[in-house]
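As a plain string of letters, each chain reads:
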Amino acid sequence: MLAAATIAANAAGIEDETIKGYYIDYLKNLMSLSRSYQYRMQNGLKVAYSGVEGAFAHIAAGRIFPDSQRVSCRDFQSAYDAVAKGDCDVAVLPIENSYAGEVGQTIDLIFSGSLYINGIYELEIRQNLLGLPGTSIGDIRTVISHPQALGQCAEFTEKHGFITEDAVNTAVAAKSVALANDKSVAAIGSVEAAEKFGLSVLASHINESSINTTRFAVFSRSPKSPAPTDQRFIMLFTVKNAAGSLGTAISVIGQHGFNLRALKSRPTKELVWDYYFYAEGEGDINSPYGMAMLKELEKEAMETFLHWFWYENHGLEDVFDNFWSNMYGNLKETILSYQYFPCTTSALGTISSTQENKTNKGNNNHHFNLFIVSILIPLLLLLMNRKEHLF
């Protein structure tokens, strides 16, 4: 009731019914953002990950954001969508394993989706054979796990003649073994998954490579502000289907002083035998050299929109604060003022159940001006300068 009264009071002075409709929607969205931000302050960052408790993504999310509220999602797409829709603040998803290679599903989400990578973190992976208590390795006939985990432990499973079956992730595999209550079935996963689902570790560190590390990316709806230490970037692009196009693109990157550490191709899934390229490079892409490189790429070798991100390997505690400062700037104080709790203050005035009528006129003018400046003008500029992008 207080929210509806606040909206009605603020919109009362607007005579144009068309503008009033937009303005009311604007106020409702501000209130929604306010509730979301207040929830975050009271309950912590909401971090989406794929799998259940005990999955390596769950472990990584906890180490990156130790005070966060971790939200389990059934798969990579669901975790990504939870952030894109605003249900979660960030998502932690694997992008590459040092032994098994890239995680194609996540790379494709980077290409086709709208979220930004704001950090990449490494987690050492130690795979273990998990079974029911009282089970020995000799009892096992079938081993289930995520395809990447099975690949990392292929030498071990082949040596013992195990039949392998795919699972959505390692923790789900462990849970399945616990529920099946079949001593002939085991899972490959973490010690944390074994503890979570009451399983025993039948064999430890069974992955072939002694240096087995997975890189996890943190996705959010807004890019964080670049820092002087951000000297790594990810870039996705496509090139014209013509001789030398890819070579030209790579040359442009090198000529501007940027070193490519990785270059991978993935099908666009839009046309047959059509590919996009995922590149990781070193250097400050936000510098004048970086801007010049991007401009030349678009001019010389590209037929698509270029998408790029900063990231650093350590410290991402400021992701959510950067989200607000980058996307909303001075609107943050306004967002905080629109809530269902009485007697709250902001830089634009006080709104409360007891003072609402006294302050309505002044607040109405302030908020309407803010609405014009922050919503209508940018919208008109966007319409006048519309550009078509591939993605």
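Preceding this paragraph is the structure being described.
This structure is a prediction, so every number in the text was calculated from the model and none was measured.

Novice: Kindly report on the overall build of the protein, identifying the contributing residues and their values.
Specialist: Helices and strands together make up the secondary structure of the protein, namely 14 helices and 17 strands. Partitioning the contacts of the protein with sequence separation of at least 6, the portion at a separation of at least 24 is 74%. About 19,500 Å² of surface is accessible on the protein, with carbon and sulfur atoms providing 52% of the total.

Novice: Kindly report on the sheet that holds strand β6 (residues 128-131), identifying the contributing residues and their values.
Specialist: Here we have five strands laid out as an open sheet, ordered β8-β7-β9-β6-β10, and mixed in their pairing. The open sheet has two edge strands, β8 (163-166) and β10 (200-203), and neither has a second partner. Recorded for the sheet is a direction-independent mean angle of 35° between the axes of neighbouring strands. Two elements, β6 and β10, share three bridges in a ladder whose sense is antiparallel. The residue bridging Gly 131 from the neighbouring strand is Ser 200, located in β10. Together, β6, β7 (142-145) and β9 (185-189) form the strand contacts of helix α8 (residues 170-180), whose direction differs from that of β9 by roughly 155°.

Novice: An account of the nonpolar core is requested, with residue identities and associated values reported.
Specialist: Counting 25 residues, the largest nonpolar core has Ala 48, Leu 93, Ile 110, Ile 117, Phe 219, Leu 236 and Tyr 278 as its most contacted members. Those elements giving two or more residues to this core turn out to be α4 (76-84), β3 (90-97), α5 (104-112), β5 (116-124), β11 (213-220), β12 (232-237) and β14 (275-282). By residue number, the principal contributor to this core is α4, which donates five residues. In this structure, Leu 45, Phe 65, Val 90 and Tyr 121 belong to the second largest nonpolar core, which totals 17 residues.

Novice: Which residues make up the pairing of β9, and what values do they have?
Specialist: Taken residue by residue, a regular strand's side chains alternate between the two faces of the sheet. In terms of burial, β9 is largely enclosed, as five of its five residues are buried. The two faces of β9 match: Val 185, Ala 187 and Gly 189 on one face and Ala 186 and Ile 188 on the other face are all buried. For β6 and β9, the ladder comprises three bridges, and the chain directions are antiparallel. Pairing of Asn 128 across the sheet is with Gly 189, part of β9.

Novice: I'd love a proper account of the packing of aromatic side chains, names of residues and values included.
Specialist: A full pass over the atoms with the stated rule returns five aromatic pairs. When the ring of Phe 111 is compared with that of Tyr 276, the centres are 3.9 Å apart and the planes differ by 0°; the resulting orientation is stacked. One end of the pair, Phe 111, is in helix α5; the other, Tyr 276, is in strand β14, with 165 residues separating them in the sequence. Both residues of the pair, Phe 111 and Tyr 276, belong to the buried class. Aromatic pair Phe 156 and Phe 162: ring centres 6.3 Å apart, planes at 55°, arrangement tilted.

Novice: So, α8: which residues are in play, and what are the values?
Specialist: Looking at α8, one finds that the buried residues are Thr 170, Ala 171, Ala 173, Ala 174 and Val 177. Take α8 and look down its axis: the buried residues cluster within an arc of 160°, on one side only. Check the buried side of α8 and you find it contacts α3 (56-64), β6, β7, α6 (147-152), β9 and α9 (191-197). For α8, the side-chain oxygen to backbone nitrogen distance between the N-cap and Ala 171 is 3.1 Å, and the N-cap itself is Asn 169. Immediately downstream of α8, the backbone of Asn 181 shows phi near 55°, a positive value.

Novice: Pulling in residues and values, what's your account of empty space enclosed by the protein?
Specialist: On inspection of all chains with the given rule, the structure shows three cavities of 30 Å³ or more. Estimates place the volume of the largest cavity at around 280 Å³. Lining the largest cavity are 19 residues, with Phe 56, Pro 94, His 146, Gln 148 and Phe 216 sitting closest to its centre. Going through the elements one at a time, α3, β3, α6 and β11 are the ones with two or more residues in the lining of the largest cavity. Top element by residues in the lining of the largest cavity is α6. It accounts for three residues.

Novice: Let's hear about the packing of α4 against α5: which residues, and what values?
Specialist: Two numbers describe how α4 lies on α5: the axes approach to 10 Å, and their chain directions differ by 30°. In terms of their interaxial angle, α4 and α5 are classed as roughly parallel. The way α4 lies across α5 gives a crossing that is right-handed. Between α4 and α5, the contacting residues are Phe 76, Gln 77 and Tyr 80 on the first element and Gln 105, Thr 106 and Leu 109 on the second. Split by residue class, the contact of α4 with α5 holds three nonpolar, three polar and no charged.

Novice: Which residues make up α3, and what values do they have?
Specialist: Extensive coverage of α3 is indicated by the burial of eight of its nine residues. What α3 keeps buried is the set Phe 56, Ala 57, His 58, Ile 59, Ala 60, Ala 61, Gly 62 and Ile 64.

Novice: Let's hear about the pattern of salt bridges: which residues, and what values?
Specialist: A full pass over the atoms with the stated rule returns 10 salt bridges. Glu 53 is the salt-bridge partner of Lys 196, the closest N and O atoms lying 3.4 Å from each other. Remark: Glu 53 occurs in the loop between β1 (46-50) and α3 and Lys 196 occurs in helix α9; sequence separation between them is 143 residues. With relative accessibility at 39%, the residue Glu 53 sits in the partly exposed group. Ionic pairing is found between Glu 96 and Arg 215, a salt bridge with its closest N-O pair at 2.9 Å. Remark: Arg 215 occurs in strand β11 and Glu 96 occurs in strand β3; sequence separation between them is 119 residues. Three or more residues are tied together by salt bridges with common partners; here these are Glu 96, Arg 215, Lys 264 and Glu 280.

Novice: Which residues make up the state of the cysteines, and what values go with them?
Specialist: Following the criterion strictly, the structure yields zero disulfides and no others. Cysteine Cys 88 remains unbridged, with the sulfur of Cys 73 as its closest cysteine sulfur at 5.7 Å.

Quick notes on the rules
Residues numbered from 1 in each chain as written. Predicted model: local features only at pLDDT ≥ 70, side-chain atom pairs only at ≥ 80, totals over all residues. Heavy atoms only, no water. Helix = DSSP H or I, 4+ residues; strand = E, 2+ residues; numbered from the N terminus. Contact = heavy atoms within 4.5 Å. Areas by Shrake-Rupley, 256 points an atom, 1.4 Å probe, with all protein chains shown as cover. Pairing = 2+ DSSP bridges. Axes fitted to C-alpha atoms, helices over the stretch in contact; angles between N-to-C directions. Core = buried A, V, L, I, M, F, W, Y, C linked by side-chain atoms within 4.5 Å. Buried < 20%, exposed > 50% of the residue type's maximum accessible area, 1.4 Å probe, protein only. Phe/Tyr/Trp six-rings, centres within 6.5 Å; stacked < 30°, edge-to-face > 60°. Arc of directions from axis to C-beta. Polar contact = N/O pair within 3.5 Å; in protein donor to acceptor, adjacent residues only side chain to side chain. 1 Å grid on protein atoms, 1.4 Å probe; cavity = no way out; pocket = protein on both sides within 12 Å on 5 of 7 lines; lining within 4 Å. Points joined across faces, edges and corners; volume = space filled by probe spheres on them. Parallel < 35°, antiparallel > 145°, perpendicular 65-115°, else oblique. Left-handed = near helix turned anticlockwise from the far one by under 90°. Nonpolar A, V, L, I, M, F, W, Y, C, P; charged D, E, K, R; others polar. Salt bridge = Lys/Arg side-chain N within 4 Å of Asp/Glu carboxyl O. Disulfide = S-S within 2.5 Å.

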